[in-house]
Amino acid sequence: YKQERKPRHDLGREKFLERVWAWKEKNGNRINHQFRRIAASTDWSRERFTLDAMLSKAVKTAFVRFHDQGLIYRDNRLVNWSPHLRTALSDLEVDHEDIAGKTYLEIPGFDGKVEVGVLCHFKYQVKGTDTFIQVATTRLETMLGDVAVCVHPDDDRYKALHGKTLVHPFFPDRKMVVLADTMVDKEFGTGAVKITPAHDPNDYKCGQRHSLEMISIFGEDGHINDKGGPFAGQHRFKARQTVEEALKEKGLWVDKKSHTMRLGLCSKSKDIVEPFMKPQWWMNCKDLADKSVKAVREGDMKILPEFHHQTWYHWLENIQDWCISRQLWWGHQVPAYRVVEPAQKEEMWFSAMDMADAEAKAKAKLGVKKVVLQQDEDVLDTWFSSGLFPFSVFGWPDIEDNDEFDAFFPTSLLETGHDILFFWVARMVMMSIGLTGKLPFHTVYLHAMVRDARGRKMSKSLGNVLDPIEVIEGIALADLQRKVEEGNLPEKEVKIAQDAQALDFPDGIPECGADALRFGLLAYTQQGRNVNLDIKRVVGYRHFCNKVWNATRFGLRYFGADFKFSGALRLDAPFAWEDRWILSRLSSCAGKVNQAMEKYEFAGATTATYQFFLYELCDVYLELLKPRFYGEGAEAETPAVAEDRQVAREVLYICLDWSMRLMHPLLPYLTEELYHRLPPSPTKCRSITIAPYPTTVNGWINEGVEGEMEVLSEVAKQFRSQKTSLGFAPSARPAGFVRHATADTRATLARLTTRLSRMGQIGEVKVLPEGSGTPAGTLQNVVNADCLVYLEVAGLDLTKELDKLLKKVSSAEKTIKSYEDKLALPQDKIPQNVREMNAQKLEAAKL
């Protein structure tokens, strides 16, 4: 349409389908390509397309069975109609927009703007009198289909008019009466409501109650049809204007006022949706919906996160019959055949697998030897065929001696977006129950929806849609904007989208890689219903990937050319203190990751692996290994040193091997590559994808060593901070001293001074005995209430440091004075907890 300005009807069905199939062959694998690039681990040999022959057979079979059961039926009733697309829409395909008042909208297929958000008042004359009754509407053009005015039976203003005949100004011969019905709110407006049964759901129900004529004034294209008298042929929104002018000429116009309202828009075309009388195929889902609700309530099927349960119950407990036919050409043609000959008083339809089957059914039913049938040109709602997917892909309905069906159905887990919980998930559950008697899966995991960094829904018109491959490979701004021009956006929206792209991505999108994108999306899952994807954060995870690559390659240098892992660690091996600590932390990490995976809390897995690899393995353990491998000088490799190094290599191997395996679901490409670079091992697999996933090893857990490391880390952090604050060069190694109030902790620190020196990036560390004085030539810093550290400062210019300390002292003195003043006040009216808190803060300030 964008290139040739031709709607599909100008091409014809056959030519249109040829073009769609050509597009499908060219672009249909785009999403699969994106999945492959982001390393989705699926069996691609089992890829299925819902228009494949096997799945088409399932669709026809399902329709025929439900039709034979009476669940699928044909009826002429109101549907949501998109005039621009010329098709019916489900309720879920209609976007409802709140209109605050008088507004002008542009819609496809109409030149000019449409006035919405106004309430038009006009009046009908009571036949044979000078009496008028005033009504109001937001859709003035629908008055061409009015057949009555309704009032509340208890409204005294209109009791004398009950049953009176009204004169329609454009159709004087039309029967039009005043009805009494409790549907009317007599306190709203004039208390009189115009009734257009063919174009409003409430009026339709009223028309059924009072046996009113259903006059449809629209054609499928949204133009006024021949029932519209002098307005026939006009676009419905042109008629909105001309009807107003004609009412004014007849003296029946009253006024027009701004009015808040909700407007239904087609989610695909943004056309204004019209209630429209159209024969359609419907499916009664009530019984299947009840069974689907029961399955979740009784725990036979889980929906995660569980807060989606209420949405499930709300939709299915209030389910309406499903309009399953669409006036489109792309899709499964409805397998229903209408009898043309012999002629029938009322339409007669037969559902069948093909024309021959339908003819046989018709001949048997009608008792004739010859029939002429015509297949319905409509197609089925795409969710009808998609709803069969859990079992149609395994060859249903041909399930006799079907090993695949027996092996794989029911399936176990469905992962999809929460936005199609009803569109797809509910339909799969209902249709599986109805056709197989089984639930299609036992667990549904609903992922968050990806939005842009500002929380906006991704939309082509906003220019904020991100193609995963653009994030993986990177793309220049000019190329982003060129893709917008080549897309199917209306010309007026192209510039808006391009401006938005220039604002969000002024330098384009940097290359992030598939691993960083995958890790980032999983890290975002803790946000719940939505993911506000910021490319800058994904770039941050690319830096993490670089760290994993570089740190692993650095660690590999410790192994040497001849190292071969034995296959397992001996629990009685002579582990160094840091070995016991890192193994305990690794076991803890594995436990957290497994727990997160089991609960579908993937952000927990990214956090656990990120923190372990970056802050524990790289920042601490790899640093503590350096003196063991390189020595603190020309240390000869005695048998004891050789054994220590061998133990260190085996622990390091375990750390790297487990890290790769734990992170593989999160960083698949990077971990596969690095896994193959690890030294040989009898337990090493040909691919990390089939390697066993690590789990907690209770024998490695060592809470005592972990507690010691917490103390050491806190002290080391303070040494590093003080060193930086004093202006030491990074390579400087001043001596450090530690004073601690607890004897056991002093003993621990004294035992680990070499590790503390390494972690604090300082020189020799001494633990001061109880009661000793301040070391000469040092400056003091506070770690906590029990611990002080001192750093040797000989030769440093301390002028700036003195100024900072004086400012700290001054600030502390002011704080102390403030709390002393508060405590000096009469305390009888001050709550006990406040007094205690002030006293604690005073003591802390004095420290």
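Quick note: structure is the one above.
This write-up is about the structure you can find in this document.

**A word on the overall build of the protein chain**
Move 1: Broken down by element type, the protein chain carries 27 helices and 29 strands.
Move 2: With respect to the principal axes defined by its C-alpha atoms, the protein chain has extents near 115 × 80 × 55 Å.
Move 3: Taking the intrachain contacts of the protein chain between residues at least 6 apart in sequence as the baseline, contacts between residues at least 24 apart amount to 73%.
Move 4: Carbon and sulfur atoms make up 51% of the accessible area of the protein chain, which amounts to about 43,100 Å² in all.
Move 5: Averaged over its 113 positive side-chain charges, the protein chain has a centre that lies 2 Å from the centre of its 117 negative ones.

**A word on the sheet that holds strand β14 (residues 274-283)**
Move 1: Pairing in this open sheet of four strands is antiparallel, and the strands run β2-β1-β14-β16 from one edge to the other. Pairing within the sheet leaves two strands with one partner each, and these edge strands are β2 (87-89) and β16 (322-323).
Move 2: Two elements, strand β1 (residues 72-82) and β14, share 10 bridges in a ladder whose sense is antiparallel. Looking across to β14, one finds that Ile-72 is bridged to Met-283.

**Observations concerning the sheet that holds strand β19 (residues 349-351)**
Move 1: The strand order across the open sheet built from three strands is β19-β18-β20, with neighbouring strands paired in antiparallel fashion. Taken across any chain shown, the strands that pair with only one partner, and hence form the sheet edges, are β19 and β20 (372-375). Pairwise comparison of adjacent strand axes, ignoring direction, gives a mean angle of 35° for this sheet.
Move 2: Here strand β18 (residues 336-341) runs beside β20; their pairing, made up of four bridges, is antiparallel. The residue bridging Tyr-337 from the neighbouring strand is Gln-375, located in β20.

**Points about the packing of aromatic side chains**
Move 1: This model, assessed by the stated rule, comprises 33 aromatic pairs.
Move 2: Ring geometry for Phe-519 against Phe-544: centres 5.4 Å apart, planes inclined by 40°, an arrangement best described as tilted. In this pair, Phe-519 sits in helix α17 (residues 514-524) while Phe-544 sits in helix α18 (residues 535-556), placing the two residues 25 residues apart along the sequence.
Move 3: Phe-519 gets classed as buried once you look at its relative accessible area, which sits at 1%.
Move 4: These aromatic residues form a ring-pair network of at least three members: Phe-63, Trp-281, Trp-322, Trp-349 and Phe-384.
Move 5: Between the NZ or CZ atom of Lys-123 and the centre of the ring of Phe-132, over which it lies, the distance is 4.9 Å.
Move 6: The cationic tip of Arg-537 hangs over the ring face of Tyr-524; the distance from NZ or CZ to the ring centre is 4.3 Å.

**Points about the pattern of salt bridges**
Move 1: Counted by the stated rule, this structure contains 49 salt bridges.
Move 2: Salt-bridge contacts for Asp-452 lead to Arg-456; the nearest nitrogen and oxygen are separated by 2.7 Å.
Move 3: Beyond isolated ion pairs, a larger network of salt bridges with shared partners links Lys-102, Glu-115, Glu-244, Lys-248 and Lys-256.

**As for the nonpolar core**
Move 1: Core analysis: the largest hydrophobic core is formed by 104 residues, its most contacted members being Val-651, Val-738 and Leu-756.
Move 2: Ignoring any residue separated from it by four or fewer positions in sequence, one finds Leu-756 in contact with Leu-712, Val-715, Ala-716, Phe-719, Val-738, Leu-749 and Val-765.
Move 3: Counting residues in hydrophobic clusters, the runner-up holds 54 residues, among them Met-301, Tyr-313, Leu-421 and Phe-441.

**Things to note about the pairing of strand β13 (residues 261-266)**
Move 1: Most of β13 sits out of view: five of its six residues are buried.
Move 2: Across six bridges, the pairing between strand β3 (residues 94-99) and β13 is antiparallel. Bridge pairing in β13 links Ile-99 to Met-261.

**Focus on the state of the cysteines**
Between two cysteines, a covalent bond joining their sulfur atoms is known as a disulfide.
Move 1: Following the criterion strictly, the structure yields zero disulfides and no others.
Move 2: Between Cys-150, a cysteine without a disulfide, and Cys-206, which holds the nearest cysteine sulfur, the sulfur-to-sulfur distance is 4.3 Å.
Move 3: Note on Cys-150: relative accessible area 0%, which makes it buried.

**Considering helix α9 (residues 355-366)**
Move 1: Taking 1.5 Å per residue as the helical rise, α9 with its 12 residues ought to reach 16 Å, and the 16 Å between its terminal C-alpha atoms agrees with that figure.
Move 2: The N-cap residue of α9 is Asp-354: its side-chain oxygen and the backbone nitrogen of Ala-356 are 3.3 Å apart.
Move 3: Two residues or fewer after α9 comes Gly-367, characterised by a positive phi angle close to 70°.

**As for unusual backbone geometry**
Move 1: Following Glu-341, the chain continues into Pro-342 via a peptide bond in cis, with omega recorded as 0°.
Move 2: The residue after Phe-409, namely Pro-410, is reached through a cis peptide bond having omega 0°.
Move 3: The topology assignment puts Pro-410 in the loop between α12 (403-408) and β22 (413-417).
Move 4: Although it is not a glycine, Asp-401 sits at a positive phi angle of roughly 55°.
Move 5: Assignment of secondary structure puts Asp-401 in the loop between α11 (389-392) and α12.
Move 6: For Asp-401, a relative accessible area of 75% gives the class exposed.

**A short note on the environment of Val-765**
Move 1: Within the secondary structure, Val-765 sits in strand β27 (residues 765-767).
Move 2: For Val-765, a relative accessible area of 7% translates into the label buried.
Move 3: Separated by 176 residues in the primary sequence, Val-765 and Cys-589 have C-alpha atoms spaced 31 Å apart.
Move 4: Residues within four places of Val-765 in sequence aside, it is in contact with Gly-736, Val-738, Thr-753, Leu-756 and Ser-757.

**Looking at the side chain of Gln-718**
Move 1: Here Gln-718 is to be found in helix α23 (residues 703-725).
Move 2: Those residues in contact with Gln-718, other than ones at most four positions away along the chain, are Asn-781, Val-782, Val-783 and Val-789.

**A few points about the environment of Asp-579**
Move 1: Relative to the helices and strands, Asp-579 resides in helix α19 (residues 577-598).
Move 2: A relative accessible area of 0% means that Asp-579 is categorised as buried.
Move 3: The spatial distance from the C-alpha of Asp-579 to the C-alpha of Tyr-621 is 8.0 Å, given a sequence separation of 42 residues.

**Examining a negative patch on the surface**
Move 1: Residues Glu-400, Asp-401, Asp-403 and Asp-406 make up a contiguous surface patch of negative charge.
Move 2: Note on placement: Asp-406 falls in helix α12.
Move 3: Judged by its relative accessible area of 53%, Asp-406 is exposed.

**Focus on the pairing of β1**
Move 1: Sheet topology places β1 next to β2; three bridges connect them, and they run antiparallel. Counted as the bridge partner of Ser-82 is Thr-87 from β2.
Move 2: Counting the residues in the hairpin turn of β1 and β2 gives four residues, including Arg-86, whose phi is positive at 55°.

**Some words on the packing of α18 against helix α22 (residues 668-677)**
Move 1: Contact pair α18 / α22: the axes reach a minimum separation of 11 Å and the direction vectors enclose 5°. With respect to their mutual orientation, α18 and α22 come out roughly parallel. Touching Cys-545, Val-548, Trp-549, Thr-552, Arg-553 and Leu-556 of α18 are Leu-670, Glu-673, Leu-674 and Arg-677, all from α22.
Move 2: Split into classes, the residues belonging to the contact of α18 with α22 amount to six nonpolar, one polar and three charged.

**Observations regarding α19**
Move 1: The terminal C-alpha atoms of α19, which comprises 22 residues, lie 32 Å apart, in line with the 32 Å expected from a rise of 1.5 Å per residue.
Move 2: Directly after α19, the chain includes Tyr-600, whose backbone phi takes a positive value near 60°.

**Notes on the packing of α19 against helix α20 (residues 602-630)**
Move 1: Remark: α19 packs on α20, axes separated minimally by 9 Å, with the N-to-C direction vectors making an angle of 170°. Judged on the interaxial angle alone, α20 and α19 are roughly antiparallel. In this structure, α19 uses Glu-578, Asp-579, Trp-581, Ile-582, Arg-585, Leu-586, Cys-589, Lys-592, Val-593, Ala-596 and Met-597 to contact α20, whose residues at the interface are Phe-602, Gly-604, Ala-605, Ala-608, Thr-609, Phe-612, Glu-616, Leu-617, Val-620, Tyr-621, Leu-624 and Arg-628.

About the thresholds
Residues numbered from 1 in each chain as written. Predicted model: local features only at pLDDT ≥ 70, side-chain atom pairs only at ≥ 80, totals over all residues. Heavy atoms only, no water. Helix = DSSP H or I, 4+ residues; strand = E, 2+ residues; numbered from the N terminus. Contact = heavy atoms within 4.5 Å. Areas by Shrake-Rupley, 256 points an atom, 1.4 Å probe, with all protein chains shown as cover. Lys, Arg positive; Asp, Glu negative; His and termini not counted. Charge placed at Lys NZ, Arg CZ, Asp CG, Glu CD. Pairing = 2+ DSSP bridges. Axes fitted to C-alpha atoms, helices over the stretch in contact; angles between N-to-C directions. Phe/Tyr/Trp six-rings, centres within 6.5 Å; stacked < 30°, edge-to-face > 60°. Buried < 20%, exposed > 50% of the residue type's maximum accessible area, 1.4 Å probe, protein only. Lys NZ or Arg CZ within 6 Å of the ring centre and 35° of its normal. Salt bridge = Lys/Arg side-chain N within 4 Å of Asp/Glu carboxyl O. Core = buried A, V, L, I, M, F, W, Y, C linked by side-chain atoms within 4.5 Å. Disulfide = S-S within 2.5 Å. Expected span 1.5 Å × (residues − 1). Polar contact = N/O pair within 3.5 Å; in protein donor to acceptor, adjacent residues only side chain to side chain. Patch = residues over 30% accessible without salt bridge, like charges linked within 9 Å, V, L, I, M, F, W, Y side chains within 5 Å. Parallel < 35°, antiparallel > 145°, perpendicular 65-115°, else oblique. Nonpolar A, V, L, I, M, F, W, Y, C, P; charged D, E, K, R; others polar.

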